[in-house]
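Summary of structural features
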There are 2 protein chains.
Amino acid sequence: MADLLSSIAGTIPLAPLSIKNELGLSSTEATFLLQEATAFAAAHGMLVQAPEARYAHLPYCLLPVKFPKKQFEKGVALSPLFGTLVERISQDPNWLHEQLASVLSEDPFTARLVQLSKKVLAEGRAQSASLGIFRSDYMLHDDPKDEQAAKILQVTLNVELNTISASFACMSSLASDMHHYLLSRFDQDIPSIATYYNTTGALADHLPSNNALKALPSALARGHKHYGKASAVVVFVVQPNESNSVDQRWLEYTLWTDYKIQVLRRTLNEMQHAVQDKSTRALIVDGKYEVAVAYYRSGYTPTDYPTEQEWVGRYNIETSLAIKCPNVTYHLAGTKKVQQVLANPSQLRRFMSESESKILEACFTGLYGLEKNSAQLQSIKAAVAANPNGYVLKPQREGGGNNYYGNDVVDKMKSMSPTELESYILMDRIVPQETPAVLVRNGQAISGATISELGMFCVSLFDNGKSIFNEHGGHLLRTKLSSTNEGGVAAGFAVVSSPFLV
Amino acid sequence: MADLLSSIAGTIPLAPLSIKNELGLSSTEATFLLQEATAFAAAHGMLVQAPEARYAHLPYCLLPVKFPKKQFEKGVALSPLFGTLVERISQDPNWLHEQLASVLSEDPFTARLVQLSKKVLAEGRAQSASLGIFRSDYMLHDDPKDEQAAKILQVTLNVELNTISASFACMSSLASDMHHYLLSRFDQDIPSIATYYNTTGALADHLPSNNALKALPSALARGHKHYGKASAVVVFVVQPNESNSVDQRWLEYTLWTDYKIQVLRRTLNEMQHAVQDKSTRALIVDGKYEVAVAYYRSGYTPTDYPTEQEWVGRYNIETSLAIKCPNVTYHLAGTKKVQQVLANPSQLRRFMSESESKILEACFTGLYGLEKNSAQLQSIKAAVAANPNGYVLKPQREGGGNNYYGNDVVDKMKSMSPTELESYILMDRIVPQETPAVLVRNGQAISGATISELGMFCVSLFDNGKSIFNEHGGHLLRTKLSSTNEGGVAAGFAVVSSPFLV
């Protein structure tokens, strides 16, 4: 969610706009709510760091966005299935390495992770338990064929699952608190709010509880307990100069306040100096702190490894007794290539039962591999040529390259070499449901038609394939102007939001 | 405490200083603690508003400052005595008006308040209950004659009592939380901290609990309950463009979260439009909200009344059925002139018993009226000439003018006309105890010898002289460089701090 943060940097100038009447609020009402929301956000730590030791409120959606209750509940129910899926893949590392073999030449970062995973496997895993903090992202798809039945579909790829460094959980809980405050405090004073939602009764009752701020620390604490040494610490593996540190800080403070567990923040570079106990492989930091849990908030993109030293740090963690959140097989199970393979019903059923698979597949969008020896390649190209706006062309490589839309898809599929094309994936384009909303950043409002992306957190702990816990862990709704296509002028202006269930 | 806020505005450039080793911490340790403290402060809302929709952490003292436990406890015990004193004065308004008669010609603001008070009295008080949120301020006086026995003495005047708009209660609770976190989280990791305090055991146990953030809303809520109408609101009477609003917001949020009481924020100017119910004198805002409690966070300085309209607002509140926090007699009881009169033992005993008076007088500093017909005037002048550094000359007028120190006292007492001199008060100069400390603002540290001022909050509710509650309500420690005399280059750089009881 780097886009949410980039909007703070102020690189995109935003003229002071008067709030349009998108919500049916008067300008006075909207301005009042904006002031109340901003004050609440700041006082409660919904902040990001800004230059010169300043803080800015996290950009937010002024009021919660309507969302179908059934679709939200479906997302809640889906969460633990992803925990199960990732764990089962992790138990089958040879399959995992095999699926990734075809992309390694084009993707040296994934190649390095596979190499690390094989090394861990060859040495024998020091730690049999695996901690997961995942986030599965969905959009609400307006099916043109069935207007009555908007449904959630996974974004980007079929199994759009963030298995490492899934962020904004704490900020999302704070956004939920802010919206709960606004709706419960002002629903009587400002009747236009109820009019906007076209409903009666207590508006705040439509907001689902969002325990992300408690669920994630609880998962880390239970991982710590499972490790079994009260004096051991949790290490947050962080990026240098992290700008989203307030989100991470809330995890740290809750671990201390609720569990008296100490958190150390270390970069991958610093972790090169960590050592392992020769007999137990316990991970020791600064010569004295034993690490129960290593929680990655970095390490997911090639730029997190500028030198070999960061790989030494990753290796130290990965081969140790510490419980990793996630370990390298969990990390690899979240790669786009694996997600693409799992779009194949027979592959998905390698890990999941028929009934589990059907539940998962209900939120899959159509997805098409572009292997050069694929028998379907010509018919796929023809389908794209006939309906260019129905597809998106996406690079498989982690953290790399742009997506292509519309006629660019046709052009690129023509101009790319078969090998290059193989490193891309084609998928049906989701038609996201649009909602009018007011977005606020730096205390200023902008309004218009918006689209939202629902992220569902799942927290899990497995030991030797046995579930210790595996449960839904709160949600994150992000909202952006629907004109915000990648490459558009307002790119990057996404805000934290909340679902108003209807 | 405007000085604490002015330091945010950045008008005094502060060069990036390396942290000197004042506390015996290494530079690495001090920098680490600074980062941890700043992050905690920001996440927990210890903030002030900065330009361009930004927030800055409130300037703070890096570590708590040593303070004698007995003196702190004395301050706690003193708190309710001031609640009693103010209430008893308020029950004797004719005495109050009489004491203030001599300053009215020089002080049109106080004259206006007296006029208002008399009007309320003439009309008959609509509301018999009086709510108080007071703060009594002390410094730790290093008695040159008795080095073993530093003791707290009231600042500025003998009875230095803020009876209106006593602020920074919530920020002070947050500072206490921050220091509690630092000491409990890092006392083992950074042994230099224990060395600095020259103590062993759990360092955080030396921090007194500070319930100000709960005590003030609780007082307002009990006032609201005493008013007796569940649907009524609390109005915060605020300054336009208040820069310390986060402090006030915490009161508002706690009133909502803990008591489901609605707060409206209105300026004195806006309160001109409030109306009173003709039969009950109930105060009605916006034609629909009945006001149970009017809580002043403005109205204490002449600049809060730029036009007659603000006086209309004050009048609307003052003559209404709403419980005022404070009412105008409480307000007047906190004026410097009244405080000076109470320095006279016989006047103090008009309101307090002999034993109560003795407890209060133990924290009084020597104070000398300068009335032109005073028999002592010549001997006072001689004493000042003999020891100019032993005295401070202070204007009686509320919110007005500088204090004079040293030879300036001698000069001013010579050059002023007898009438002008009468508007000043002379008092013994406190020799405040100095402590090395590191102060942080805008994420930057400065260190040196510091002095601290302890504020003790008292919350009270009386009805017709009968106490409903009257109790200590938390504390505020402010610390500043001891070179920070008024008029000095670093004027205004005070920070929130905490006492470390020894």
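Residues numbered from 1 in each chain as written. Chains lettered and ligands numbered in written order. Predicted model: local features only at pLDDT ≥ 70, side-chain atom pairs only at ≥ 80, totals over all residues. Heavy atoms only, no water.

The criterion, for reference: UniProt positions are given in the numbering used here, feature names are shortened, and annotations may be inferred rather than shown by experiment.
Naming follows an unreviewed UniProt entry, where chain A appears as Glutathione synthetase of Thraustotheca clavata. Under the UniProt heading Catalytic activity (unreviewed entry), the entry covering chain A gives this text: "gamma-L-glutamyl-L-cysteine + glycine + ATP = glutathione + ADP + phosphate + H(+)". Word for word, the UniProt comment on chain A under Sequence similarities (unreviewed entry) is "Belongs to the eukaryotic GSH synthase family."

1. Digging into the interface of chain B and chain A
We count it as follows: Between two residues, a contact is recorded if the distance between any of their heavy atoms is within 4.5 Å. Two parts placed together each lose some accessible area under a 1.4 Å probe, and adding up what both lose gives the buried area. In what follows, salt bridge is the name for a side-chain nitrogen of Lys or Arg lying within 4 Å of a carboxyl oxygen of Asp or Glu. Polar contact is defined as a pair of N or O atoms within 3.5 Å, subject to the rule that within protein one atom must be able to donate a hydrogen and the other to accept it, and that residues adjacent in sequence are counted only when both atoms are side-chain atoms. Per the convention used, a helix needs a DSSP run of H or I reaching at least four residues, while a strand needs a run of E reaching at least two, with both numbered from the N terminus.
Each partner contributes to the interface: chain B provides 33 residues, whereas chain A provides 33 residues. Between chain B and chain A lies a buried interface of about 3,000 Å² when both sides are counted; carbon and sulfur atoms form 52% of it. Sorting the residues of chain B by area buried against chain A places R54, Y55 and R185 of chain B first, and these three jointly supply 23% of that buried surface. At the junction of chain B with chain A, the criterion picks out 2 salt bridges. With a shortest N-O distance of 2.8 Å, R249 of chain B and E36 of chain A are connected by a salt bridge. Here chain B and chain A share 11 residue pairs in polar contact (both at pLDDT 80 or more) between them. Sorting the residues of the side of chain B that touches chain A by element identifies α2 (27-43), β1 (47-50), β2 (54-57), α6 (169-186), α9 (245-259) and β9 (263-267) of chain B as the ones contributing at least two each.

2. Things to note about the pairing of strand β21 (residues 494-497) of chain B
Residue and element names in this part refer to chain B. Selection rule: For each residue, the accessible area found with a 1.4 Å probe, counting protein chains only, is set against the maximum for its type, and the residue is called buried under 20%, exposed over 50%, and partly exposed in between. Should DSSP find at least two bridges between two strands, the strands are taken to pair.
Of the two faces of β21, the one lined by A494 and V496 and the one lined by V495 and S497 are each fully buried. When strand β20 (residues 466-481) meets β21, the two strands line up antiparallel, connected through 4 bridges. Bridge assignment links K480 to a residue of β21, and that residue is A494.

3. Brief notes about the environment of Y330 of chain A
Residue and element names in this part refer to chain A. Mapped onto the elements, Y330 comes out in helix α11 (residues 328-333). With 196 residues separating them along the chain, Y330 and F134 place their C-alpha atoms 9.7 Å apart. Residue contacts for Y330: discarding those within four places in its chain leaves V86, E87, S90, S130, L131, G132, F134, T163 and F462.

4. Brief notes about the sheet that holds strand β1 (residues 47-50) of chain A
Two pairing modes exist for strands in a sheet, parallel and antiparallel, and in both the strands are linked by backbone hydrogen bonds. For the record, the criterion: Comment: axis = line fitted to C-alpha atoms, over the contacting stretch for helices; angle = value between 0 and 180 degrees taken between N-to-C directions.
Reading across the sheet, the 4 strands line up as β1(A)-β2(A)-β2(B)-β1(B) and stay open at both edges, with antiparallel pairing between neighbours. Sheet topology places β1 of chain A together with β1 of chain B at the edges, where each strand pairs with a single neighbour. Taken pair by pair, the neighbouring strands of this sheet meet at an average axis angle of 40°, ignoring direction. Looking at chain direction, strand β2 (residues 54-57) of chain A and β2 of chain B are connected through 3 bridges and run antiparallel. Bridging from a neighbouring strand, R54 of chain A pairs with A56 of chain B of β2 of chain B.

5. Examining the packing of helix α9 (residues 245-259) of chain A against α2 of chain B
A pair of packed helices is captured by two measures, namely the crossing angle of their axes and the spacing between those axes. Here is the rule we go by: If an angle is under 35 degrees, it is roughly parallel; if it is over 145, roughly antiparallel; if it lies from 65 to 115, roughly perpendicular; otherwise it is oblique. Charged residues are taken to be Asp, Glu, Lys and Arg, nonpolar residues to be Ala, Val, Leu, Ile, Met, Phe, Trp, Tyr, Cys and Pro, and polar residues to be all remaining types, Gly included.
Closest axis-to-axis distance for the α9 of chain A/α2 of chain B pair is 10 Å, and the angle between their directions is 95°. Relative to α2 of chain B, the element α9 of chain A lies roughly perpendicular. Of the residues in α2 of chain B, those in contact with V246, R249, W250, E252 and Y253 of chain A of α9 of chain A are Q35, E36, A39, F40 and A43 of chain B. Among the residues making up the contact of α9 of chain A with α2 of chain B, the classes are represented as 6 nonpolar, 1 polar and 3 charged.

6. Concerning the packing of helix α4 (residues 93-100) of chain B against helix α5 (residues 108-123) of chain B
Residue and element names in this part refer to chain B. As a reminder, the rule being used: By definition, turning the near helix anticlockwise from the far helix through less than a right angle yields a left-handed crossing, and turning it clockwise yields a right-handed one.
Packing of α4 against α5 leaves a shortest axis separation of 11 Å and a crossing angle of 160°. Here α4 is positioned roughly antiparallel relative to α5, judged by the angle of their axes. Crossing angle aside, the handedness with which α4 passes α5 is left-handed. Two secondary-structure elements touch here, α4 through P93, N94, H97 and L100 and α5 through T110, V114, S117, K118 and L121.

7. Brief notes about unusual backbone geometry
Residues and elements named next belong to chain A. Omega for the bond connecting C325 with P326 falls within 30 degrees of zero, at 5°, which places this linkage in the cis form. Examined against the element boundaries, P326 turns out to sit in the loop between β13 (323-325) and α11. Backbone geometry places A53, a non-glycine residue, at a positive phi of 60°. Topologically, A53 is positioned in the loop between β1 and β2.

8. As for the nonpolar core
Threshold: Grouping buried Ala, Val, Leu, Ile, Met, Phe, Trp, Tyr and Cys residues that are joined through side-chain atoms within 4.5 Å yields what is termed a nonpolar core.
Judged by nonpolar contacts, the single largest core of 159 residues is most densely connected at M46, L63 and I193 of chain A together with M46, L63 and I193 of chain B. L63 of chain B has contacts with L23, L25, L33, H179, L183, I193, Y196 and Y197 of chain B, leaving out every residue within four places of it along the chain.

9. Focus on helix α14 (residues 354-361) of chain A
Residues and elements named next belong to chain A. Our working definition: What the arc covers is the set of directions going from the helix axis to the C-beta atoms.
Burial in α14 covers these residues: E356, S357 and L360. Buried residues of α14 fall within an arc of 100° about the axis and therefore sit on the same side. On its buried side, α14 packs onto α3 (69-90) and α13 (345-351).

10. Observations regarding the relation of the copies chain B and chain A
Rules: Superposition of the copies was done by least squares, using only C-alpha atoms of residues whose pLDDT is at least 70 in both.
Of the transformation placing chain B onto chain A, the axial shift is 0.0 Å and the rotation is 180°, giving an RMSD of 0.1 Å. Given the turn and translation reported, the copies of this chain are related as if by a two-fold rotation axis. Ranked by how close their C-alpha atoms come to the rotation axis, the residues of chain B are headed by Y55 of chain B, at 2.5 Å.

11. Here we look at the side chain of S357 of chain A
Note that S357 of chain A resides in helix α14. Judged by its relative accessible area of 0%, S357 of chain A is buried.

12. Some remarks on the sheet that holds strand β17 (residues 424-428) of chain B
All names here are of chain B. Ordered in space as β14-β17-β15-β16, the 4 strands form an open sheet in which the pairing is antiparallel. Looking along the sheet, the strands with just one partner apiece sit at the ends: β14 (367-369) and β16 (404-405). Across 3 bridges, β14 lies against β17 in antiparallel orientation. In the sheet register, G369 faces β17, and the bridge partner there is I425.

13. Thoughts on the environment of S298 of chain B
Residue and element names in this part refer to chain B. As for its placement among the helices and strands, S298 is situated in the loop between β12 (289-296) and α11 (308-318). Exposure remark for S298: the relative accessible area of 2% places this residue in the buried category. Residues contacting S298, with those up to four places away along its chain left out, are I164, S165, V237, V238, Q239, L268 and D304. A distance of 3.1 Å separates the side chain of S298 from the backbone oxygen of V237, its partner in a polar contact.

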